[in-house]
Amino acid sequence: KCHEPAAFCAALLNSQPMGFYAPAQLVQEARRNGVAILPPDVLVSAWDCTLEPANGALALRIGLRLVRSLPRADAERIVTARGGGPYRDIAELAQRALLSRRSMQLLAEAGALRPLSEHRHAASWLALGAEPPPGTLPLAAAAEPVVTLPRPSAAQEIMADYRRLALSTTHHPLALLRERLRGLGLSSNLELRALPDGTRVRVGGLITHLQQPGTASGVVFLSLEDETGIVNVILWPQVFASQRAPA
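Along each chain, the written sequence defines residue order, and numbers are assigned to residues from 1. Reporting of local features is limited, given that this is a predicted model, to residues whose pLDDT is at least 70; pairs of side-chain atoms are given and counted only at 80 or more, and all residues count toward the totals for whole chains, interfaces and linings. The side-chain numbers reported here are obtained from all heavy atoms of the structure, hydrogens and water having been left aside.

## Topic: a nonpolar patch on the surface
Consideration 1: Within this analysis, patches are made of residues with over 30% relative accessible area and no salt bridge. Like charges are joined at 9 Å or less; nonpolar side chains (Val, Leu, Ile, Met, Phe, Trp, Tyr) at 5 Å or less. Here the Shrake-Rupley method, with its probe set to 1.4 Å, supplies the accessible areas, and only the displayed protein chains count as covering residues. Any Lys or Arg side-chain nitrogen found within 4 Å of a carboxyl oxygen on Asp or Glu counts as a salt bridge. A cluster of nonpolar residues, Trp125, Leu126, Leu128 and Val147, forms a patch on the protein surface that exposes about 360 Å² of accessible area.
Consideration 2: Helix and strand definitions here come from DSSP, where helices need a minimum of 4 consecutive H or I residues and strands a minimum of 2 consecutive E residues; each element is numbered from the N-terminal end. As for its position among the elements, Leu126 is in helix H6 (residues 120-128).
Consideration 3: Look at Leu126 and you get partly exposed, because its relative accessible area is 43%. Relative accessibility under 20% of the residue-type maximum defines a buried residue, over 50% an exposed one, and the middle range a partly exposed one, all with a 1.4 Å probe and only protein chains included.

## Details of helix H3 (residues 72-81)
Residues spaced three or four apart along an α-helix face the same direction, because each turn holds 3.6 residues.
Consideration 1: Restricting attention to buried positions, one finds in H3 the residues Asp74, Ala75, Ile78 and Ala81. One face of H3 carries all of its buried residues, which in axial projection span an arc of 135°.
Consideration 2: On the buried face of H3, the contacting elements are helix H4 (90-96) and helix H5 (101-109). Regarding the arc, it is the one traced by the directions from the helix axis to the C-beta atoms. Contacts are assigned to residue pairs with any non-hydrogen atoms lying within 4.5 Å of each other.

## Considerations on the pattern of salt bridges
Consideration 1: Scanning the model with the defined rule gives 15 salt bridges in all.
Consideration 2: Across the salt bridge formed by Arg77 and Asp74, the nearest N and O atoms sit 2.5 Å from each other. On the criterion of helical spacing, the pair formed by Arg77 and Asp74 is a turn pair, its members being three residues apart in helix H3.
Consideration 3: Note on Arg77: relative accessible area 30%, which makes it partly exposed.
Consideration 4: Residue Asp74 is classed as buried on the basis of its relative accessible area, which comes to 8%.
Consideration 5: When salt bridges with common partners are traced through the structure, they connect Arg114, Arg120, Glu157 and Asp161 into a single cluster.

## As for the sheet that holds strand E6 (residues 229-235)
Consideration 1: If you trace the three strands from one edge of the open sheet to the other, you get E4-E5-E6, paired in antiparallel fashion. With partners counted over all chains shown, the strands left at the sheet margins are strand E4 (206-211) and E6, one partner each. Averaged over all pairs of adjacent strands, the angle between strand axes in this sheet comes to 20°, irrespective of strand direction.
Consideration 2: One requirement defines pairing of two strands: DSSP has to find at least two bridges between them. Looking at chain direction, strand E5 (residues 220-226) and E6 are connected through seven bridges and run antiparallel. Residue pairing across strands places Leu224 opposite Val231, the latter belonging to E6.
Consideration 3: Between N-to-C directions, angles span 0 to 180 degrees; the directions come from axes that are lines fitted to C-alpha atoms, helices contributing only their stretch in contact. Running at roughly 50° to E5, helix H2 (residues 23-32) makes contact with E4, E5 and E6 of the sheet.

## A short note on helix H7 (residues 154-165)
Consideration 1: For a helix, the expected span equals 1.5 Å multiplied by the number of residues minus one. When the terminal C-alpha atoms of H7 are compared, their 16 Å separation across 12 residues agrees well with the 16 Å that a helix rising 1.5 Å per residue should span.
Consideration 2: Among all positions in H7, only Glu157, Ile158, Ala160, Asp161, Arg164 and Leu165 are buried. Projection of H7 onto a plane perpendicular to its axis shows the buried side chains occupying an angular sector of 165°, all on one side.
Consideration 3: On its buried side, H7 packs onto H5 and H6.
Consideration 4: Two residues or fewer after H7 comes Ala166, characterised by a positive phi angle close to 65°.

## Structural notes on the pairing of strand E3 (residues 57-61)
Consideration 1: In this sheet, E3 lies alongside strand E1 (residues 37-38) in parallel orientation, the contact comprising two bridges. Looking across to E3, one finds that Leu38 is bridged to Arg61.
Consideration 2: With five bridges connecting them, strand E2 (residues 50-54) and E3 associate as antiparallel partners. Counterpart to Leu51 in the pairing with E3 is Leu60.

Nothing here speaks to function; it is all geometry.
This is the structure:
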């Protein structure tokens, strides 16, 4: 526990390397401590993750450094060119920050173009035409018919976040599956705390760590994460040997 979870999480996310925990685990823990997580945004995000006031507290703004494969030089040009005024649309962003079509697509997939488009799918479509063909004037634009694309579902938003940011700025993936998991008789990690020792349980989650230290005499350790927290699982050697395929 940290006196200021938002600042602590930002410091860890800006560290390279970040250590044992992945960005998704750091963000989920900050959220469980009441920290609001704000998505990357080309209008306000810096390279690093930063803090912003929100509802009387500090929120964590995801920095452009977490957009997977985005060159730092491109991110820095976005921030520098923003000094001349906010970007009005996706085409202007590409022109002023001298961004390639690839970088524009990375930003769109990461949800960083939200304020300049209706939604993520629309941003990806507009980013395809943001880079002018070779030999055309820098500010040349052609009128094209408006394309209406479906708004992404909550599940699609989460999956896109994980693909491009390795974390979700909205919900944990298992939050969308909780009703189905309850129907299968699975408990949440939080509910395990109220059960007496020796109770047989079924749980589900993301395996965030799986390791077999050389000094542990064959014992395997894994961390299973859901929207309520992390449960640590120990697989004794004989259990791991008999259940090796699923493990």
